[in-house]
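Results of the structural survey
Residue strings, one per chain:
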Amino acid sequence: MNQTLLQLLNGLTFAALLFIVASGFTLIFGLLRIVNLAHGALYLFGGLVGYTAATATGSYVLGILAAMAVVALLGLVIDAGLLRFVRGNELRQVLLTLGIAFILNDLVLVLWGGDTYTVPIPDMLRGAARFGHIFYPKYRLFVLALGVAIFGLLWLLLNRTRLGALIRAGVDDPEMVEAMGINIRRVFLGTFMLGAALAGLGGVVGGAFLTLYPSADAEILVFSLAVVIIGGRGSLAGAAVGALLVGLLNSFGQVWFPELSYFVIFGPMALILAFRPLGLFGRAT
Amino acid sequence: MLEIRDLHCSYGDAQVVHGASLTVGDREVVALLGRNGMGKTTLVRSIMGLTSPQVRAGTITWMGDALLGLKAHEIAGRKIALVPQGRRLFPSLTVTEHLTMLKPIRTKTGWTADRIFGLFPRLAERRMNRGNQLSGGERGMLAVGRALMLDPELILMDEPSEGLAPIMVQHLEGIIAQLKAEGLGILLVEQNLYSALAVADRVYVLETGKIVYEAQAEAIAKTPDILTRFLGVH
């Protein structure tokens, strides 16, 4: 019983991290219609920037802010500096992001080497919280709370602000938004930077309990892809449900069918796609 | 005033508009008539600066400034609004959100959501519905309302009566007359001759990408059979 509860908590906390990373991914995917294959690299790069900033200043919060700022700037360079040259050609855009992923990975090796890093966490989040007979790491509970908070904030941004309405309208019909006098490119750029910043945030948050190592980017990218494909492109609720599904399947799958741990995630994903090709919350455009 | 001179547009290799010229004066309602596939929507898209079609030659000027080469949002910024063919509402946005995308809901300048709701009381009842949950008539109203929130001086309406019940078409004609009285210029693209004649000051007929006929609406009202030649209506 306790074991199951622990797996449930592990699944939920992993889902929270996945949501933070995948929400940025789905925002970019939904609006720009491209799969940003550099998203995992932004996660890793952000995590390492956060690690460096947090160890240098001794502040976890400063680590997070530094990671988000640096990765948002990277997003600015990627979107306004590189993707602009292949606008309108989805395949080229996706390949370009793949190239950026390789470059960022090499940059990571140059700057930080191939070691494994763990982002230091504040003292108040160290140790375990106790519920009856169960002890559970406080930090992972913090990640869970943060995931819920990010969901709430993004939901408010998208559904209760004019900027959010513009972003949603841009997902529906960017040309029409443009014809209403909105510079949709700026909305796209802002969304790209926000999505990138969320990857950076995920890197710091995840880097504290999953650690950061040279192939961490590919792993988180594959999980994020699964989350967004299951949830449906551009859907925040879809990303949340997809993250929960992938997080829980991953956590229970590893215990119940350790030799099938990837199949446990991608088998159901294939099944969902067979019946809902656009994902659970996806809509045709 | 909008002035189009000798406009040539194409989609890739296929030329659709072959040297069309037309003007829309201040406070003027101009109808652009023509059957399907004659290049009406292409013309409207070129005015709005939408990326396809490509304009090969000709000029489009608005208040003396060239519009060609500007981006769609820059053209909209010059107070030209579009009611596109098929309405193109946003399925994810509520009626209210369609009307408050451009301005805060409490805005006092120009058109406000409340004024639009006054013009179309039906939309007020539907304010929390999404763009894809409206009836055909409501969609038409919202597309017009959304365009008005730009505080335009010129509205391009691409077949606003398409798919509307006769009573709704009449309502729309009343709205167009009201907007004209408020000082807006309107370029009305129509297949429906009678709806166009009911509101237009002047009429152009576009056939295979060329303007083949131009007249004051009153002149046509006296000799209606002249248009059957071009439009095949009776």
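Notes on the overall build of chain B
Within chain B, the regular secondary structure consists of 10 helices and 10 strands. For 234 residues, the compact-globule estimate of 2.2 N^0.38 gives 17 Å, and the C-alpha radius of gyration of chain B, at 17 Å, lies within 12% of that figure. Projected onto its principal axes, the C-alpha coordinates of chain B cover approximately 45 × 40 × 30 Å. Here chain B, with 234 residues, has 45% of them falling under the buried criterion. For chain B, the proportion of contacts with a sequence separation of at least 24, taken over those separated by at least 6, is 67%.

A few points about the sheet that holds strand β9 (residues 202–207) of chain B
By definition, the strands of a sheet pair up through backbone hydrogen bonds, in either a parallel or an antiparallel sense. All names here are of chain B. Reading across from one edge, β6-β7-β8-β3-β9-β10 is the order of the six strands in this open sheet, with mixed pairing throughout. The outermost strands of the open sheet, each flanked by one partner alone, are β6 (80–83) and β10 (210–216). Each strand axis lies, on average, 15 degrees off the axis of its neighbour in the sheet, ignoring direction. Set on the sheet, helix α6 (residues 136–148) makes contact with β6 and β7 (154–158); between it and β6 the angle comes to about 170 degrees.

A closer look at unusual backbone geometry
All names here are of chain B. A positive phi angle is found at Asp 6, which is not glycine, with a value near 45 degrees. Inspection of the secondary structure puts Asp 6 in strand β1 (residues 2–11). Phi at Arg 87 is positive, roughly 75 degrees, even though this residue is not glycine. By the element assignment, Arg 87 lies in the loop between β6 and α3 (95–100).

Some remarks on the interface of chain B and chain A
Listed by partner, the interface residues are 18 residues for chain B and 16 residues for chain A. Contributing elements (two or more residues each) for the side of chain B that touches chain A: α2 (72–77) and α3 of chain B. Considering each element in turn, the side of chain B that touches chain A owes the most residues, four residues, to α2(B). Per-class residue counts for the side of chain B that touches chain A are 12 nonpolar, four polar and two charged.

With respect to the pairing of strand β8 (residues 185–190) of chain B
Residues and elements named next belong to chain B. By the criterion of burial, β8 is predominantly enclosed, with six of the six residues buried. Burial along β8 is two-sided: Gly 185, Leu 187 and Val 189 facing one way and Ile 186, Leu 188 and Glu 190 facing the other are all buried. In terms of strand pairing, strand β3 (residues 29–33) meets β8 through five bridges, oriented parallel. Its bridge partner being in β8, Val 29 is matched across the sheet by Ile 186. Two elements, β7 and β8, share five bridges in a ladder whose sense is parallel. Note that in β8 the partner of Leu 154 across the bridge is Gly 185. Of the crossover connections in this fold, the one passing from β7 over helix α7 (residues 166–181) to the parallel β8 is right-handed.

Let's talk about the sheet that holds strand β4 (residues 54–62) of chain B
All names here are of chain B. Spatially, β2-β1-β4-β5 is the arrangement adopted by the four strands of the open sheet, whose pairing is antiparallel. Strands at the two margins of the open sheet, each flanked by one partner only, are β2 (14–24) and β5 (65–66). As judged from the eight bridges shared by β1 and β2, these two strands associate in the antiparallel manner. Within β2, the residue paired with Leu 7 across the bridge is Ala 20. Sitting on the sheet, helix α1 (residues 40–48) is in contact with β1, β2 and β4, with an inclination near 70 degrees to β2.

Comments concerning the packing of helix α2 (residues 39–57) of chain A against helix α9 (residues 216–231) of chain A
Residues and elements named next belong to chain A. Contact geometry for α2 and α9: axes closest at 7 Å, N-to-C directions at 130 degrees. One finds that α2 runs oblique with respect to α9. Here the hand of the crossing between α2 and α9 comes out right-handed. Only Ala 216, Asp 217, Ala 218, Ile 220, Leu 221 and Ser 224 of α9 make contact with α2, whose side of the interface consists of His 39, Gly 40, Ala 41, Tyr 43 and Leu 44. Taken together, the residues that form the contact of α2 with α9 break down as seven nonpolar, three polar and one charged.

Examining α6(B)
Residue and element names in this part refer to chain B. Over its 13 residues, α6 runs 19 Å from end to end, which matches the ideal 18 Å to within 8%, given 1.5 Å per residue. Of all 13 residues that make up α6, 10 are buried, and the element is covered over most of its length. Within the sequence span of α6, burial applies to Glu 138, Gly 140, Met 141, Leu 142, Ala 143, Val 144, Gly 145, Arg 146, Ala 147 and Leu 148. Buried-residue contacts for α6 involve β6, α3, α4 (113–119), α5 (121–125), β7 and α7.

Describing the confidence of the model for chain B
Caution applies to low-pLDDT regions: their predicted coordinates should not be interpreted in detail. Summary statistics for chain B give a mean pLDDT of 91 and a share of 97% for residues scoring 70 or more. Interface confidence in the predicted complex, given as ipTM, is 0.92; pTM for the same model is 0.88.

Focus on the packing of α9(A) against helix α10 (residues 236–256) of chain A
Residues and elements named next belong to chain A. It is the contact of α9 with α10, at a shortest axis distance of 7 Å, that shows an interaxial angle of 125 degrees. As judged from the angle between their axes, α9 and α10 are oblique. The hand of the α9/α10 crossing is right-handed. Together, Phe 223, Ala 226, Val 227, Val 228, Ile 230 and Gly 231 of α9 and Gly 238, Ala 239, Val 241, Gly 242, Ala 243, Leu 245 and Val 246 of α10 make up the contact between the two elements. Residue composition of the contact of α9 with α10, by class: 10 nonpolar, three polar and no charged.

Points about the nonpolar core
A:Leu18, A:Val71, A:Val246 and B:Leu188 are the most contacted members of the largest nonpolar core, which totals 173 residues. Per element, the largest residue contribution to this core is 16 residues, and it comes from helix α1 (residues 2–32) of chain A.

Concerning the environment of A:Ser251
All names here are of chain A. One can find Ser 251 in helix α10. The spacing of Ser 251 and Phe 25 is 226 residues in sequence and 22 Å in space, taken between C-alpha atoms. For Ser 251, the contacting residues outside a window of four places in its chain are Gln 7, Asn 10, Gly 11 and Phe 14.

Reading the values: the criteria
- Residues numbered from 1 in each chain as written.
- Chains lettered and ligands numbered in written order.
- Predicted model: local features only at pLDDT ≥ 70, side-chain atom pairs only at ≥ 80, totals over all residues.
- Helix = DSSP H or I, 4+ residues; strand = E, 2+ residues; numbered from the N terminus.
- Rg over C-alpha atoms; globule rule 2.2 N^0.38 Å.
- Buried ≥ 20, exposed ≤ 12 C-beta atoms within 10 Å, placed from the backbone.
- Contact = placed C-beta atoms within 7 Å.
- Pairing = 2+ DSSP bridges.
- Axes fitted to C-alpha atoms, helices over the stretch in contact; angles between N-to-C directions.
- Nonpolar A, V, L, I, M, F, W, Y, C, P; charged D, E, K, R; others polar.
- Right-handed = clockwise from strand over helix to strand, strands pointing away.
- Parallel < 35°, antiparallel > 145°, perpendicular 65-115°, else oblique.
- Left-handed = near helix turned anticlockwise from the far one by under 90°.
- Expected span 1.5 Å × (residues − 1).
- pLDDT = per-residue confidence, 0-100.
- Core = buried A, V, L, I, M, F, W, Y, C linked by C-beta atoms within 7 Å.

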